[in-house]
Each structure stands twice: as structure tokens, then as C-alpha cells.
Amino acid sequence: MIVKTIRLVIPDFYDFYFPDNLNNTDKMTLLWVNKNDLDSTQHPSFLSDGSLRFICLATVLLQPIHLMP
């Protein structure tokens, strides 16, 4: 649902890509795949600030709600 929502606003967005952490740091890198070039990944710096904010908001707001009994 998150990916489909992001595609409505960023038509070239295909999916997220989480590379293996090869240098054993505590940082996680999130890349994305462009639908016009499925063989390469893009760094978030290729997106505008507004697009990045929308991705963050969509990710937070579309999380499933787990209600405690």
C-alpha cells in the first residue's frame, strides 16, 4: 500500500531497495529503483525535499494499527 501510494505522487518510483550493509556500521541505507531503469538504484538525493517528506509521511501514516485487547 505504501509503494502504491508513493507511485501516485512520484510516477517514476518503482520500489525501495535496502542494500546489504557491507561496512558493518549502524547506519542503514535506503535506495529506490526508478521504473524506467530497473537495473540501477537511486540515492534519495535525487528526489526533492517535498518528495522525501511525502515518502516519510506516507510510510508513517499507512502503518497498520495494532490495538491492544
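Parameters and conventions
- Residues numbered from 1 in each chain as written.
- Predicted model: local features only at pLDDT ≥ 70, side-chain atom pairs only at ≥ 80, totals over all residues.
- Heavy atoms only, no water.
- Helix = DSSP H or I, 4+ residues; strand = E, 2+ residues; numbered from the N terminus.
- Buried < 20%, exposed > 50% of the residue type's maximum accessible area, 1.4 Å probe, protein only.
- Contact = heavy atoms within 4.5 Å.
- Areas by Shrake-Rupley, 256 points an atom, 1.4 Å probe, with all protein chains shown as cover.
- Pairing = 2+ DSSP bridges.
- 1 Å grid on protein atoms, 1.4 Å probe; cavity = no way out; pocket = protein on both sides within 12 Å on 5 of 7 lines; lining within 4 Å.
- Points joined across faces, edges and corners; volume = space filled by probe spheres on them.
- Nonpolar A, V, L, I, M, F, W, Y, C, P; charged D, E, K, R; others polar.
- Core = buried A, V, L, I, M, F, W, Y, C linked by side-chain atoms within 4.5 Å.

**Q** Teacher, can you tell me more about the overall build of the protein here?
**A** Helix and strand content of the protein: two helices and three strands. Within the protein, the fraction of its 69 residues that count as buried is 19%. A separation threshold of at least 6 residues defines the contact pool for the protein, and within that pool the share at least 24 residues apart is 27%. Of the accessible surface of the protein, which amounts to about 5,800 Å², a share of 60% is contributed by carbon and sulfur atoms.

**Q** Would you explain the pairing of strand β3 (residues 37–42) in this entry?
**A** Looking along a regular strand, one sees the side chains alternate between the two faces of the sheet. Pairing geometry for strand β2 (residues 31–34) and β3, over three bridges, is antiparallel. Across the sheet, valine 33 pairs through a bridge with threonine 41, a residue of β3. Counted between consecutive antiparallel strands, the loop separating β2 from β3 contains two residues.

**Q** Looking at this model, I keep getting lost on the layout of surface pockets. Mind explaining?
**A** Empty space among the atoms becomes visible once a probe the size of a water molecule is rolled across them. Size it by volume and the largest pocket reaches roughly 190 Å³. If you trace the largest pocket, you find it lined by Phe16, Phe18, Leu30, Leu31, Trp32, Pro44, Leu47, Leu52, Ile55, Cys56 and Thr59. For the lining of the largest pocket, the secondary structure elements donating two or more residues are β2 and α2 (49–61). Residues belonging to the lining of the largest pocket are distributed by class as follows: ten nonpolar, one polar and no charged.

**Q** What am I meant to see in the nonpolar core here?
**A** Buried together is how nonpolar side chains tend to be arranged in soluble globular proteins. By size, the foremost hydrophobic cluster in this structure holds eight residues: Ile2, Ile6, Ile10, Phe13, Trp32, Leu47, Ile55 and Ala58. Other than its neighbours up to four places away in sequence, isoleucine 6 contacts Phe13, Phe16, Phe54, Ile55 and Ala58.

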